[in-house]
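Fold and geometry: a report
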Amino acid sequence: MLPSEIEKLSQEFETKTPQEIIRWALEEYWPEAALSSSFQTQSMPLLHMVTRINRSAPVFFLDTGYHFWDTLMFRERIASEWRINVVDLYRDHHWDVFARNHIRSLPLEDPDLCCYLHKVQPMQKALQDVKAWITGIRRDQTSARAHAKILELQPDGLLKVNPLLNWTKTDIARYMQEHNLPKHPLYETGYRSVGCAPCTVAIGMDDDDRAGRWAGRGKVECGLHTEMFRKKDIEELKRDFRIEVKEGAKEEKSAGV
Ligand code: SF4
């Protein structure tokens, strides 16, 4: 499709249901379409919709090595009960020495680099094999997401499809209730948005749902849905995000990362 056609279709989709948009994406791009999911409570409606339309659709899960045990167990349970085609994604092994040497400090001292290694780069690699990427982002989640479009053509030709963009957390709750969907085990203990353990804390009833992610560190996005996702080169990343790769840089460079 031409960029102008995608732009026009994206406008038309503003009045369509998420199911209509998902069905279009899976029919138009099958078998080169995939979904990404973090298997938290708010991910359940999209997973539920996709599996009802095409159970074979690959669901990319970023196994960062920093997840709560509860998340991994919940992922196993949902994948098994709903018979989901989950594909686990891991950091490139060229980063192993560096990541092991900084396993405790990296999420706290350099979360942008940590997210790049464990989330952005593995997703970039997995998406090389598909033409359409279905995500669960919503405009009401962050200021960066407020300006997203339902269809977004990436510079490399990948089409990002955001069928839930117009939904609010009330819509999510309504769908969860209507379909009696399970919640992440930590949800009721104040973890309304669950990421990696070192970067997620429980929040109060009046807090924004994402207030517990990277709390107090001035970071609100992992990079999958920001400009960081377009960075394919570590030098470009370091320059634009002022990231400092400490010990281990030699291994990374010699590995051609
Ligand atoms: S969320 Fe935290 S632990 Fe997970 S990849 Fe990002 S910085 Fe690392």
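The following refers to the structure shown. Note that the coordinates shown come from a computational prediction; the quantities given were computed from them, not determined experimentally.

**Brief notes about the pattern of salt bridges**
One pass over the structure, following the stated rule, counts 16 salt bridges. The residue Glu81 makes a salt bridge to Arg77 at a minimum N-O spacing of 3.4 Å. With Glu81 and Arg77 both in helix H4 (residues 69-81), this residue pair falls 4 residues apart, about one helical turn. Classification of Arg77 by relative accessible area gives partly exposed; the value is 38%. Ionic pairing is found between Arg174 and Glu178, a salt bridge with its closest N-O pair at 3.6 Å.

**Side note on helix H1 (residues 3-13)**
Along H1, the residues that are buried comprise Ile6, Leu9, Ser10 and Phe13. Seen along its axis, H1 keeps its buried residues to an arc of 105 degrees; they face one direction. Opposite its buried face, H1 presents the exposed residues Ser4, Lys8 and Gln11, each directed more than 90 degrees away. Summarising the contacts, the buried residues of H1 are in contact with helix H2 (18-29), strand E5 (151-153) and strand E6 (159-161).

**A few points about the side chain of Gln124**
Mapped onto the secondary structure, Gln124 falls in helix H7 (residues 111-126). Since its relative accessible area comes to 8%, Gln124 is described here as buried. Here the side chain of Gln124 touches Phe229 through a polar contact of 2.8 Å, landing on its backbone oxygen. Apart from residues lying up to four places away in sequence, Gln124 is in contact with Tyr116, Met228, Phe229, Arg230, Lys231 and Lys232.

**Re the layout of surface pockets**
Its volume calculated, the largest pocket comes out at about 250 Å³. Within this model, the second largest pocket holds a volume of roughly 210 Å³. Here the lining of the second largest pocket is built from residues that sort into 7 nonpolar, 4 polar and 5 charged.

**Considering the sheet that holds strand E4 (residues 132-134)**
As summarised here, the arrangement of the 6 strands in space is E3-E2-E1-E4-E6-E5, forming an open sheet in which the pairing is mixed. Each edge of the open sheet carries a strand with a single partner, namely strand E3 (85-89) and E5. Going across the sheet, the axis of each strand differs from the next one's by a mean of 30 degrees, ignoring polarity. Sheet topology places strand E2 (residues 58-62) next to E3; 5 bridges connect them, and they run parallel. In the sheet register, Phe60 faces E3, and the bridge partner there is Val87. Along the sheet, H1 contacts E5 and E6; its crossing angle with E5, the most-contacted strand, is approximately 160 degrees. Taken strand by strand, H2 contacts strand E1 (33-36), E4, E5 and E6, and its axis lies near 150 degrees from that of E6.

Criteria and thresholds
Throughout this document, residue positions are counted from 1 along each chain, in the order its sequence is written. Residue-level local features of this predicted model are given only where pLDDT is at least 70; pairs of side-chain atoms are given and counted only at 80 or more, and the full residue set underlies all totals for whole chains, interfaces and linings. Water and hydrogen atoms play no part in the side-chain values, which are based on all heavy atoms of the structure. We define a salt bridge as a side-chain nitrogen of Lys or Arg found within 4 Å of a carboxyl oxygen belonging to Asp or Glu. Numbering of helices and strands runs from the N terminus, with a helix taken as a DSSP run of H or I at least four residues long and a strand as a DSSP run of E at least two residues long. Only protein chains enter the calculation, and the probe is 1.4 Å; a residue is then buried if its accessible area is under 20% of its type maximum, exposed if over 50%, and partly exposed in between. Here the arc refers to the set of directions running from the helix axis out to each C-beta atom. The contact rule is simple, with two residues in contact once any of their heavy atoms fall within 4.5 Å. For this analysis, a polar contact is any N or O atom pair within 3.5 Å, provided that within protein one partner can donate a hydrogen and the other can accept it, and provided that sequence-adjacent residues contribute only side-chain to side-chain pairs. Using a grid of 1 Å spacing that covers the protein atoms alone, one calls a set of points a cavity when a 1.4 Å probe fits there but cannot get out, and a pocket when the set is open and has protein on both sides within 12 Å along at least five of seven lines; lining residues are those with an atom within 4 Å of a point. Grid points are joined across faces, edges and corners, and a volume is the space filled by probe spheres set on the points. Amino acid classes used here: Ala, Val, Leu, Ile, Met, Phe, Trp, Tyr, Cys and Pro are nonpolar; Asp, Glu, Lys and Arg are charged; the rest, including Gly, are polar. Strand pairing is assigned whenever DSSP detects at least two bridges linking the two strands. For helices, the axis comes from a line fit to the C-alpha atoms of the stretch in contact; other axes are also lines fit to C-alpha atoms, and the angle between any two N-to-C directions lies between 0 and 180 degrees.

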